[in-house]
Amino acid sequence: MEESDNNKTQTKRGFFQGILTLLKFTWNIFWLLILAATVIGVLFGITYIFNLDEEVITKFEGKRWQLPARVFSRPLEMHKGKILNANHLEQELTQLLHYRKVAEPQETGEFKRKGNTFIVHTRGFQFADDIEPERLIKLSIRKEKIASLALVEGNVPLTLMRLEPSLIGNFYPKHNEDRVLVRLKDVSPMLIKGLLAVEDKRFYEHWGVNPLAVGRAMLANIKAGHTVQGGSTITQQLVKNYFLNNEKTWERKLKEAIMAVLLEIHYSKDEILETYLNEIYLGQDGRRAIHGFGLASQFYFNRPIKEIKIHEIAMLIGLAKGASYYNPRRHSKVALKRRNIVLNQMVKGGAITQQQAELSKQEPLAVGSVKPSGVSPFPAYLELVRKQLKRDYREEDLRNAGMLIFTSMDPILQMTAESVVRKRVRRLERSQRIRKGRLNGAMVVSTVQGGEVLAVVGGRDARYAGYNRALVAKRQIGSLVKPAIFLTALEKKHRFTLASRLSDARVTVKLGRGKYWKPRNYDHRDRGAVLLFHALTLSRNTPTVRIGVKLGIDRVVDKIKKLGVTSKIPNYPSILLGALELSPMEVQQMYQTIAAGGEYSPLKAIRSVMNMKGETLNRYPISVQQVASREATYLLSHTMHQITKIGTAKALSKILPAWKKVAGKTGTTNNKRDSWFSGFSGEHVVTVWVGRDDNKPTKLTGGTGALKVWGDLMRVLPTKPFNPRRPSGVRWVKIDKDSGLRFNSGCGSALVLPFIKGTAPRQTRYCAPVPIELDSNELPPEPNAANNIPSPRPHLAPTPRSASNWVDDLMQ
């Protein structure tokens with residue numbers, strides 16, 4: 001019995017020992033699992049942190065932002081004697097550079113005007129070649145020229161200075177973010193103190209996360225029953241905006257805190273703060289997102305950040321809490337209330353005094369009523385810039401690399417050209433009773449020397465970024481081709497001169513078996529024999545065709561191409577009267593070469609390109625190639641000047657003052673579909689096209705349409721008169737305007753023309769004697785040597801075989 005009880009006891013003991021052993025084993029396994037999980041968790045956490053660390057470093061060390069390329073106009077160069085209109089200067093200061101007109105300039109971006117005397121506190125600018133410092137200058141303008149230019153302090157004369165260029169456009173990244181980078185040292189200390197007072201008082205003390213601020217925010221939110229306060233530091237806000245998103249989850253908040261600490265470990269407080277200043281979202285302009293205080297200052301106040309005042313600083317700081325809700329243009333009352341709260345916080349944080357705050361509260365929001373658009377106001381010119389940049393840069397570089405592109409555009413001239421085209425085309429439309437909006441126009445303006453493009457107008461609606469007629473609209477050019485033909489002839493100096501006689505009769509050109517071309521003069525009249533000079537000034541068709549056929553179509557086409565035309569030109573006789581299609585820009589290139597004395601310089605809009613660091617990436621120097629005889633081009637230019645005096649463009653002599661001498665040529669196509677005028681002064685080349693996009697007739701010739709637009713611009717354009725330098729190989733000779741021989745003072749009418757040395761006519765016009773008829777009541781005088789001299793009567797002496805004779809041999 002006892003043995004049985006012992007066995008039972010031992011069995012129970014063994015059972016409990018087994019249970020205990022199992023429990024110990026399970027316990028050990030549990031702790032092993034906990035340890036393993038902890039180790040795995042730690043390893044995972046370390047890996048996770050390392051991945052976050054790598055992400056922080058990679059993105060922060062690399063290119064932090066995709067920055068738009070910024071396109072600038074030319075800087076306004078000023079020196080004594082510079083042609084400059086006082087009203088144009090004020091327009092550039094106020095409308096383009098956003099200077100403020102004040103009683104006495106105290107800060108950069110301010111100016112004073114009294115009559116035609118200006119005192120300007122310039123901003124300075126980093127150019128590709130040097131730095132233009134900010135300075136206080138005084139200049140006076142008399143008779144549209146700078147009479148004096150000096151520093152205000154000490155009245156020290158300045159030989160040359162430049163105003164900063166105006167921003168005329170941007171090439172944006174695909175995500176349409178925009179920002180103007182600022183450096184911490186360039187920002188007002190008041191902005192920094194105010195920002196820290198409102199957003200993160202302990203910024204320079206914590207390690208990316210402020211536990212006290214988090215706890216304080218949690219208590220405030222619990223009491224209110226909803227979110228009324230945030231505990232994020234500036235570093236956390238930067239992490240959220242730069243690396244993460246606005247998702248409200250614990251996972252995102254944990255990730256934000258870890259990355260904030262990592263950011264603080266690797267980078268200095270100043271570097272983090274500077275990045276925040278450039279990253280923070282502060283507004284929206286359509287599809288364009290406004291990031292950073294630098295761009296926000298321009299977007300809301302039209303001024304760089306270093307020029308804004310205390311009340312403006314407070315408004316920008318207030319936007320950090322919610323740019324849409326506190327948008328001053330949409331919710332002015334809410335924005336004003338928020339600004340004043342920020343001013344109070346700035347006082348508590350020691351950024352400003354109570355007195356400064358009270359004075360600032362009395363100021364209005366002072367936000368520009370019209371926000372500066374991210375869309376370029378000059379889309380036609382910007383398209384030309386993009387087209388030329390694509391030869392050297394990839395599209396992604398234009399959109400992301402933050403390049404600074406300096407162009408030759410004159411913004412005042414650009415706006416003047418746009419206004420001229422819009423107003424005159426509308427008047428022409430009314431005068432011809434064309435349906436409203438159907439008539440259009442285009443204009444290109446460049447410099448004579450160097451071929452720098454100053455203005456491009458793509459249509460009457462210059463702000464529309466669509467169809468750019470100046471660059472892509474190819475239309476027949478009519479008589480604009482004639483100068484190229486006559487230049488080709490004049491280069492054959494021993495065969496053609498301005499005094500060569502040509503037949504103005506009808507002409508027939510054989511095209512092939514049974515096919516003939518029979519062009520006629522515009523007025524359907526035959527003037528008999530005309531001088532080459534008159535054939536061009538009066539734009540006669542049949543003499544032009546005769547010359548072109550004799551020269552050979554191939555030679556004419558080659559000359560057109562040498563003058564700068566790159567489009568394919570058909571090898572047909574009809575091109576002699578302009579049956580070739582060119583854009584206004586191509587016509588401009590051809591006439592620019594003529595205006596420059598036969599020197600071809602590719603038209604260019606870009607002067608230089610810089611990167612964000614101020615390093616020059618590329619320069620676009622002027623290249624020049626002599627493609628036509630200087631002497632022949634001089635003869636041609638003189639004739640084109642006479643076109644504006646006695647020829648098809650003589651209406652200009654009534655439009656322009658006598659001193660403003662110009663040269664040019666009209667062009668009209670069949671059925672008056674296209675109206676052209678292209679010409680030049682001593683400084684500018686301008687091409688104008690007027691027509692309809694549907695290619696229907698306009699009832700306008702070159703002289704009644706495009707010439708009027710051209711004259712409107714040239715009348716107000718400060719420019720130098722046409723006065724080309726005479727080549728040493730050219731001589732002026734007085735000839736008889738009918739025969740083309742040397743003038744005989746005894747008869748005929750004189751015409752003074754230039755000739756290449758050795759090509760002037762040698763024969764003098766012969767004046768035939770006429771018997772003296774006496775009254776029947778008078779006695780004849782006594783015969784003597786003096787009384788036997790008869791009065792002259794004109795008579796054309798036989799002339800050598802002329803160009804018209806042998807060209808006629810080719811015509812049937």
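Located above this text is the structure these notes cover.
Below: a short report on this structure.

What counts, and at which threshold
Residues numbered from 1 in each chain as written. Predicted model: local features only at pLDDT ≥ 70, side-chain atom pairs only at ≥ 80, totals over all residues. Heavy atoms only, no water. Helix = DSSP H or I, 4+ residues; strand = E, 2+ residues; numbered from the N terminus. Contact = heavy atoms within 4.5 Å. Pairing = 2+ DSSP bridges. Axes fitted to C-alpha atoms, helices over the stretch in contact; angles between N-to-C directions. 1 Å grid on protein atoms, 1.4 Å probe; cavity = no way out; pocket = protein on both sides within 12 Å on 5 of 7 lines; lining within 4 Å. Points joined across faces, edges and corners; volume = space filled by probe spheres on them. Nonpolar A, V, L, I, M, F, W, Y, C, P; charged D, E, K, R; others polar. Buried < 20%, exposed > 50% of the residue type's maximum accessible area, 1.4 Å probe, protein only. Phe/Tyr/Trp six-rings, centres within 6.5 Å; stacked < 30°, edge-to-face > 60°. Lys NZ or Arg CZ within 6 Å of the ring centre and 35° of its normal. Polar contact = N/O pair within 3.5 Å; in protein donor to acceptor, adjacent residues only side chain to side chain. Parallel < 35°, antiparallel > 145°, perpendicular 65-115°, else oblique.

**Here we look at the overall build of the protein chain**
Turning to step 1, where the next piece is worked out: Scanning the protein chain from terminus to terminus reveals 24 helices and 34 strands.
Turning to step 2, where the next piece is worked out: A fraction of 68% describes how many contacts in the protein chain between residues 6 or more apart in sequence connect residues 24 or more apart.

**Structural notes on the sheet that holds strand β25 (residues 606–610)**
Turning to step 1, where the next piece is worked out: The sheet built from 5 strands is open, its strands ordered β11-β1-β15-β25-β26 with mixed pairing. Both outer strands of the open sheet, β11 (167–171) and β26 (616–619), are each paired with one neighbouring strand and no more. For this sheet the average axis-to-axis angle between neighbouring strands, irrespective of direction, equals 20 degrees.
Turning to step 2, where the next piece is worked out: Inspection of the sheet shows strand β1 (residues 69–72) paired to β11 by 4 bridges, in the antiparallel sense. Bridge pairing in β11 places R70 opposite N170.
Turning to step 3, where the next piece is worked out: Along the sheet, helix α12 (residues 379–389) contacts β1, β11, β15 (404–407) and β25; its crossing angle with β11, the most-contacted strand, is approximately 50 degrees.

**Some points on empty space enclosed by the protein**
Turning to step 1, where the next piece is worked out: For the coordinates displayed, the defined rule picks out 2 cavities of 30 Å³ or more.
Turning to step 2, where the next piece is worked out: In terms of lining, the largest cavity is formed by H641, T644, K645, L652, S653, L656, P657, A658, K660, K661 and V662.
Turning to step 3, where the next piece is worked out: Contributions of two or more residues to the lining of the largest cavity are made by α21 (630–646) and α22 (652–655).
Turning to step 4, where the next piece is worked out: It is α21 that contributes the most residues to the lining of the largest cavity, 3 residues altogether.
Turning to step 5, where the next piece is worked out: A per-class count over the lining of the largest cavity returns 5 nonpolar, 3 polar and 3 charged.
Turning to step 6, where the next piece is worked out: In this structure, the second largest cavity occupies an estimated 30 Å³ of space.
Turning to step 7, where the next piece is worked out: Taken together, M315, G318, L319, Y326, A335, R338 and R339 make up the lining of the second largest cavity.
Turning to step 8, where the next piece is worked out: Residues of the lining of the second largest cavity, tallied by class, amount to 4 nonpolar, 1 polar and 2 charged.

**Topic: the sheet that holds strand β8 (residues 136–142)**
Turning to step 1, where the next piece is worked out: One open sheet holds the 5 strands; their spatial order is β3-β4-β5-β8-β9, and the pairing between them is mixed. Strands with a single pairing partner mark the edges of an open sheet, and in this sheet they are β3 (100–101) and β9 (145–151).
Turning to step 2, where the next piece is worked out: In this structure, strand β4 (residues 110–114) lies alongside strand β5 (residues 117–121), joined through 5 bridges in antiparallel fashion. The residue bridging K114 from the neighbouring strand is T117, located in β5.
Turning to step 3, where the next piece is worked out: In the packing of helix α2 (residues 86–96) onto the sheet, contacts are made with β3, β4, β5 and β8, and the angle to β4 comes to roughly 160 degrees.

**Description of unusual backbone geometry**
Excluding glycine, most residues fall at negative phi; most peptide bonds, likewise, are trans.
Turning to step 1, where the next piece is worked out: Of note, the phi angle at R433 is positive, near 55 degrees, even though the residue is not glycine.
Turning to step 2, where the next piece is worked out: Along the chain, R433 falls in the loop between α14 (411–431) and β16 (439–447).
Turning to step 3, where the next piece is worked out: With relative accessibility at 78%, the residue R433 sits in the exposed group.
Turning to step 4, where the next piece is worked out: Located in the positive-phi region is K672, a residue other than glycine, with phi close to 55 degrees.

**Section: the packing of aromatic side chains**
Turning to step 1, where the next piece is worked out: On inspection of all chains with the given rule, the structure shows 12 aromatic pairs.
Turning to step 2, where the next piece is worked out: Ring plane angle 75 degrees and centroid distance 4.9 Å describe the contact between F299 and Y300, whose orientation is recorded as edge-to-face.
Turning to step 3, where the next piece is worked out: What makes F299 buried here is its relative accessible area of 3%.
Turning to step 4, where the next piece is worked out: Connected via pairs of aromatic rings, a cluster forms that spans F72, F125, F127 and F406.
Turning to step 5, where the next piece is worked out: Taking the ring centre of Y326 as reference, the NZ or CZ of R338 above it sits at 5.7 Å.

**Looking at α2**
Turning to step 1, where the next piece is worked out: For α2, the complete set of buried residues consists of A86, L89, E90, E92, L93 and L96.
Turning to step 2, where the next piece is worked out: In this fold, the buried residues of α2 make contact with β3, β4, β5, β8 and α14.
Turning to step 3, where the next piece is worked out: The backbone nitrogen of N87 has a side-chain oxygen 2.8 Å away, supplied by the residue at the start of α2, namely N85.
Turning to step 4, where the next piece is worked out: H98, located one to two residues past α2, shows a positive phi value of around 60 degrees.

**Structural notes on the packing of helix α9 (residues 310–319) against helix α10 (residues 332–348)**
Turning to step 1, where the next piece is worked out: In contact at an axis separation of 8 Å, α9 and α10 are set at 105 degrees when each is read in the N-to-C sense. By the angle between their directions, the pair α9 and α10 is classed as roughly perpendicular. When α9 is examined against α10, the residues I310, H311, A314, M315, I317 and G318 are found in contact with a partner set consisting of R338, R339, V342, L343 and M346.
Turning to step 2, where the next piece is worked out: Among the residues making up the contact of α9 with α10, the classes are represented as 7 nonpolar, 2 polar and 2 charged.

**Re the packing of α2 against α14**
Turning to step 1, where the next piece is worked out: Taken N-terminus to C-terminus, the directions of α2 and α14 make an angle of 95 degrees; their axes are 10 Å apart at the nearest point. Here α2 is positioned roughly perpendicular relative to α14, judged by the angle of their axes. In this structure, α2 contributes H88, Q91, E92, Q95 and L96 to the contact, and α14 contributes P411, I412 and M415.
Turning to step 2, where the next piece is worked out: Of the residues assigned to the contact of α2 with α14, the class counts are 4 nonpolar, 3 polar and 1 charged.

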